[in-house]
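Chain and residue survey
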Amino acid sequence: MEYRRLGNAGLKVSALSFGSWVTFSNQVDTKNAKEMMAYAYDHGVNFFDNAEVYAAGESEKIMGDCIQQLGWGRDTYIVSSKVFWGGKLPTQMGLSRKHIFDACHAALKRLKVDYLDLYFCHRPDPDTPNEEIVWAMNDLMRQGKILYWGTSEWPSNVLINAFETADKLHLTRPTMEQPEYNMFERKKVEEDFSYLYNEFGLGTTIWSPLASGILTGKYEKGIPEKSRANLPGYEWMKERFQSAEGRSKIEKAAKLNIVAKELGVSLSQMSIAWCLKNPNVSTVILGASRMEQLQENMKSLDVLPRLTKDVMKKISEIID
Ligand code: NDP
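Everything numeric in this text was worked out from a predicted model, so none of it was measured. (Residues numbered from 1 in each chain as written. Predicted model: local features only at pLDDT ≥ 70, side-chain atom pairs only at ≥ 80, totals over all residues. Heavy atoms only, no water.)

Here's the deal with the packing of helix α4 (residues 130–142) against helix α5 (residues 156–168)
In helix packing, the relevant descriptors are the interaxial angle and the interaxial distance, both defined with respect to the helix axes. Counted only if it meets this: To get an axis, fit a line to the C-alpha atoms, keeping to the stretch in contact for a helix; angles then go from 0 to 180 degrees between the N-to-C directions. For the purposes of this entry, the term helix denotes a DSSP run of H or I that reaches at least four residues, the term strand denotes a run of E that reaches at least two, and both are numbered from the N terminus. A clockwise turn of the near helix away from the far one marks a right-handed crossing, whereas an anticlockwise turn of less than a right angle marks a left-handed crossing. Contacts are residue-level and defined by heavy atoms, with any inter-residue pair within 4.5 Å sufficient. Basically, the charged four are Asp, Glu, Lys and Arg, the nonpolar ten are Ala, Val, Leu, Ile, Met, Phe, Trp, Tyr, Cys and Pro, and anything else, Gly included, counts as polar.
Contact geometry of α4 with α5 gives a least axis separation of 9 Å together with a crossing angle of 60°. Both α4 and α5 take part in a crossing whose hand is right-handed. Residues N130, E131 and V134 of α4 touch α5, and the partners they reach there are V158, N161, A162, T165, A166 and K168. Partitioned by chemical class, the residues of the contact of α4 with α5 number 4 nonpolar, 3 polar and 2 charged.

Thoughts on the pairing of strand β3 (residues 16–19)
The test is simple: Here the term buried applies to any residue with accessible area under 20% of the maximum for its type, exposed to any over 50%, and partly exposed to those in between, with areas from a 1.4 Å probe on protein chains only. By the convention used here, strands pair only if DSSP detects at least 2 bridges between them.
Covered by surrounding structure in β3 are L16 and F18 together with S17 and G19, the residues of both alternating faces. Examined bridge by bridge, β3 and strand β10 (residues 283–286) share 3 bridges and lie parallel to one another. In the sheet register, S17 faces β10, and the bridge partner there is I285. Of the pairings in the sheet, the one linking β3 to strand β4 (residues 47–49) comprises 2 bridges and is parallel in character.

Quick look at the environment of T216
Just so we agree on the cut-off: The definition of a polar contact used here is a pair of N or O atoms within 3.5 Å, where within protein one atom must be able to donate a hydrogen and the other to accept one, and adjacent residues in sequence count solely through side-chain atom pairs.
Tracing the backbone shows T216 in the loop between β9 (203–206) and α8 (235–242). Residue T216 is classed as partly exposed on the basis of its relative accessible area of 24%. Here the alpha-carbon distance between T216 and A288, two residues 72 residues apart in the chain, equals 12 Å. Residue contacts for T216: discarding those within four places in its chain leaves L210, L267 and S268. Looking at T216, its side chain comes within polar contact range of the main-chain nitrogen of K218, at 3.1 Å.

Dropping the structure here:
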């Protein structure tokens, strides 16, 4: 495993990490989650990603049970939660100081830990001033309930304001952002944030490296029965995959598959390695509904040296 600094923080995260969106509770029970988490950890993964909204809290409960049963030392792993969608009531959503505190306490209970290593604001909240958010995060840090705070899918201008607000108040800045990044979703990580890496030392924990499975090539012949796009409640994803944009991505994935075959690797492995090639990516969060997927994807680091200039050029010609 390779370990990368989370931006300019001292914390070193494994270049590959493991998350639970869609999978835990919907596709993966505690027994299978435990097996996958143990496999990841035994192969050097030290960061496990979660959020209050994943399976309405069930995902955190499963992860907490697994961590407890596996008996890992608290100083050997990093666990996250994210706050934004905690329920339907006005007090249960967004980034008010109240919801940030309530969500943190609930996540600590479900994950069965005394502190969260990383705590993310899952989306920007136009109804809450950045001063309130920065203070709430800093107070949780002072109480020892979180170690690092960050954001997810915040536009760069709002993020810059958060940095400046923290500086103005002499408080701790956000350490990391969690943006989507894959061969089809590049602008934010490659363009919008470039100022933030240099100026503020922003770290990134990137999500959906396989564009929810399209970059495995398995959607070429329609939607496989056992895939997230066929799960109840994920009809929106199926529609997205079947839209003109979705079909164009699936066609590009078929072309990318040929490049992967020439390299002697799977498209998933090549796609994950492509994300790792970007030095501003601190960690690529993997998702897997089955152990075989995780085992295949964990080999992506070995593919990195094969992504030569020529190969990267071939990939660019397909995706640009
Ligand atoms: P991916 O884009 O890598 O999609 C993972 C899914 O693709 C798997 O669950 C599986 O779905 C399919 N898959 C993965 N590997 C293979 C393989 N080798 N062969 C065939 N199918 C495969 O990542 P996710 O979208 O899951 O995102 C990763 C993590 O990022 C999440 O768990 C979460 O922690 C985080 N995240 C954060 C978000 C945010 O807003 N901050 C948003 C989304 C994710 P299936 O078997 O069902 O087809």
